[in-house]
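Take a look at the letters that make up each chain.
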Amino acid sequence: MKPAAFAYLAPRDLDEALDRLAEHGSDARVLAGGQSLVRLMNARLATPAVVVDINRVPGLDALEVRNSSGPATLRLGATVRQRTSELSPEVAAHAPLLAEAGAHVAHAPVRGRGTVVGSVAFADPSAELPTALLALDGRVVVRSRSGERTVEADDFFTGPFTTSLAPGEMVVAVEVPATAARTGSAFVEVARRHGDLPVCGVAATVTRGADGRVSEARIALCGVGERPVRARAAEDALTGSDGGDDAVAEAAARAAEGRSPIADCHGSADFRRHLARVLTGRALRTAIARAAGEATDA
Ligand SMILES: Cc1cc2nc3c(=O)[nH]c(=O)nc-3n(C[C@H](O)[C@H](O)[C@H](O)COP(=O)(O)OP(=O)(O)OC[C@H]3O[C@@H](n4cnc5c(N)ncnc54)[C@H](O)[C@@H]3O)c2cc1C
């Protein structure tokens, strides 16, 4: 099918992009990599009157480490491609979880065009990158003609394919604090085929104190609800523990508790709950080993 008629705008700077978004409000959609939007438009599941292509806006392709005051922050602008993030030495050094999760998204040609921010803004409840952003304690930087605001990833995803973005706003970047010392992370998923969206996926970061005990844990899951979610009960179970088998088993059980996943052709609700437990255990064991500097093959 072909898309319904729409106006295509390609602003040359950010102010112009924000002006066009303000002018057209909910009739407008941002076009980043187009890997989701164009498919939806071709199927007429999205029929925006105006498409604002941000690919010619200078500066949005910056991937940088900022370190002005306090710990370093990794910042990825709105047109940084998923493949660029996956292969970036800065991402490998400061947020390896982002690269590991990103490598599960589709296939390299899709990632060569799709953007990290586009995946976050699209907010597919099964998507890998929003889940990694949650586990990394990330932030979403949002601009409109009336200024800039920063939204914690925890508050950004509000439901299936919905976010706290208002008409006239666009995401200009996502930011994650650089991974702390003695921290390990892991992303694991089960998908029907390589490159498909996961039936369930788990992103975990674990920090160990000088005494070897777990001082901080962040666990996020996709595919088990209407949006990517933090497994806070599981995090609480692990924090302060020795990170041993019993603590991991307890955290994994808690990650699955109280979840009401959808059932569809990819898996029943029970299967998804089972995956939430098993994959949380797997992600935590790998993250804990990595935090201790042990080699893993995950
Ligand atoms: C064959 C195939 C397989 C795929 N498999 C996976 C997969 O396994 N896992 C996965 O997570 N994804 C998958 N995807 C989706 C892919 O990752 C997309 O790249 C991603 O979802 C959207 O990124 P994009 O840059 O292409 O955004 P676009 O398609 O351009 O935009 C997507 C949505 O986000 C909005 N948007 C984009 N950027 C901004 C912004 N800066 N501010 C505000 N709104 C914005 C758009 O308006 C639109 O509503 C797949 C896609 C294809 C084609």
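What counts, and at which threshold
Residues numbered from 1 in each chain as written. Predicted model: local features only at pLDDT ≥ 70, side-chain atom pairs only at ≥ 80, totals over all residues. Heavy atoms only, no water. Pairing = 2+ DSSP bridges. Helix = DSSP H or I, 4+ residues; strand = E, 2+ residues; numbered from the N terminus. Domains from an automatic or database assignment. Near = heavy atom within 4 Å. Polar contact = N/O pair within 3.5 Å; in protein donor to acceptor, adjacent residues only side chain to side chain. Nonpolar A, V, L, I, M, F, W, Y, C, P; charged D, E, K, R; others polar.

Trainee: Teacher, can you tell me more about the sheet that holds strand E12 (residues 200–208) here?
Mentor: Within a sheet, neighbouring strands are paired by backbone hydrogen bonds and run either parallel or antiparallel to one another. With antiparallel pairing, four strands are arranged side by side in an open sheet as E11-E12-E13-E14. A single partner strand is all that each edge strand has here, and the edge strands are strand E11 (183–190) and strand E14 (229–230). By the bridge criterion, two bridges tie strand E13 (residues 214–222) to E14 in an arrangement that is antiparallel. Paired with Ala220 across the strands is Arg230, a residue of E14.

Trainee: What should I look at first to understand the domain arrangement of the chain in this one?
Mentor: Interface size is commonly expressed as the accessible area that is lost once the parts come together. Assigned domains within the chain: domain 1 (7–53), domain 2 (63–177) and domain 3 (183–292). Averaged C-alpha coordinates put domain 1 and domain 3 at centres separated by 35 Å.

Trainee: Would you explain the site of the ligand in this entry?
Mentor: Taken together, 31 residues surround the ligand, and among them Val30, Gly34, Gln35, Leu37 and Thr115 come closest. Note that an oxygen atom of the ligand is positioned 3.3 Å from one of the side-chain N or O atoms of Gln82. Within the contact set of the ligand, an oxygen atom lies 3.5 Å away from a backbone nitrogen or oxygen of Ser119. Among the elements of the structure, strand E2 (28–31), helix H2 (37–42), helix H7 (116–122) and strand E10 (170–177) are those that each provide at least two residues to the shell around the ligand. Looking at the shell around the ligand residue by residue, the classes come out as 17 nonpolar, ten polar and four charged.

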